[in-house]
Amino acid sequence: MKRQGLDATDIRILSAVQQHGQLSKTRLAELVNLSPTPCWARLVRLKGAGFIRGYHAELALERIIDFTQVVVTISLNRHRKADFDRFEAYVRALDEVIDCIATGGGMDYVMRVATPDLASFQTLMDGMLSADLAIDRYMTYIATRQIKTNRPNLAKLIARSAR
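All of these numbers come straight from a predicted model, not from anything done at the bench. (Residues numbered from 1 in each chain as written. Predicted model: local features only at pLDDT ≥ 70, side-chain atom pairs only at ≥ 80, totals over all residues. Heavy atoms only, no water.)

(A) Just the sheet that holds strand E4 (residues 135–143), in detail. Spatial strand order, E2-E3-E1-E4: 4 strands in an open sheet with antiparallel pairing. The open sheet has two free edges, formed respectively by strand E2 (97–102) and E4, since each of these has just one partner strand. Each strand of the sheet is rotated relative to its neighbour by a mean of 20 degrees, with strand direction disregarded. Where E2 lies against strand E3 (residues 109–115), 5 bridges are found, and the strand directions are antiparallel. Its bridge partner being in E3, Cys100 is matched across the sheet by Met111. Most of the contacts of helix H6 (residues 118–130) go to E4, to which it runs at about 165 degrees, and overall it touches strand E1 (68–76), E3 and E4. (Pairing = 2+ DSSP bridges. Helix = DSSP H or I, 4+ residues; strand = E, 2+ residues; numbered from the N terminus. Axes fitted to C-alpha atoms, helices over the stretch in contact; angles between N-to-C directions. Contact = heavy atoms within 4.5 Å.)

What follows is the structure in structure tokens.
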């Protein structure tokens, strides 16, 4: 395990919370095979240490509203820290950008964007291009359907990294 201060029980607690979200004290204790009070104390400690960022509901957005989802790859024309910082600050402020990762290799960023329609997406991109973010080029890929979305399996990642 690369991270200090986590034992197997902590990992079971984190995995249960990641998979099930907020749980009652009793249900969490059942899932991790620990009595409720010490289990809850560990959960409070893990939250306090910043291992849990929050709890979220996964909505079936496609059942609620029609929307357009676009994957965008972006390459900057300058690679100074200030350029990356400016781009990332701008993206963090956009509600439409639901995921953004910095990458190595041919592209600098990969974003997932959700807008009401394609025209709204183009308006968003026009704003980004006008904002002097040092964007050299971008490629768009219209998502036609969601095949899989998930969080990494914490227990498997740790087991594989221990090898």
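(B) Quick look at the nonpolar core. Grouped together as the largest cluster of nonpolar side chains are 17 residues, with contacts concentrated most on Val72, Ile74, Phe87, Met111 and Met128. Contributions of two or more residues to this core are made by E1, helix H5 (81–92), E3 and H6. If near-sequence neighbours (up to four positions away) are discounted, Met128 is found in contact with Ile74, Phe87, Tyr90, Val91, Leu94, Met111, Leu133 and Ile135. Within the second largest apolar cluster, 15 residues are counted, among which are Leu6, Leu14, Cys39 and Ile158. (Core = buried A, V, L, I, M, F, W, Y, C linked by side-chain atoms within 4.5 Å. Buried < 20%, exposed > 50% of the residue type's maximum accessible area, 1.4 Å probe, protein only.)

(C) Inspection of the packing of helix H1 (residues 8–20) against helix H7 (residues 154–161) at higher detail. Viewed as axis vectors pointing N to C, H1 and H7 meet at an angle of 140 degrees, and their least axial separation amounts to 9 Å. Here H1 lies oblique to H7, going by the angle between them. Facing H1, whose interface residues are Ile11, Leu14, Ser15 and Gln18, H7 presents Leu154, Ala155 and Ile158. In terms of residue class, the contact of H1 with H7 is built from 5 nonpolar, 2 polar and no charged. (Parallel < 35°, antiparallel > 145°, perpendicular 65-115°, else oblique. Nonpolar A, V, L, I, M, F, W, Y, C, P; charged D, E, K, R; others polar.)

(D) Spatial organisation of H5. Given a rise of 1.5 Å per residue, 12 residues ought to cover 16 Å, and the 16 Å separating the end C-alpha atoms of H5 matches this to within 8%. Residues of H5 that are buried in the fold lie against E1, E2, E3, H6 and E4. (Expected span 1.5 Å × (residues − 1).)

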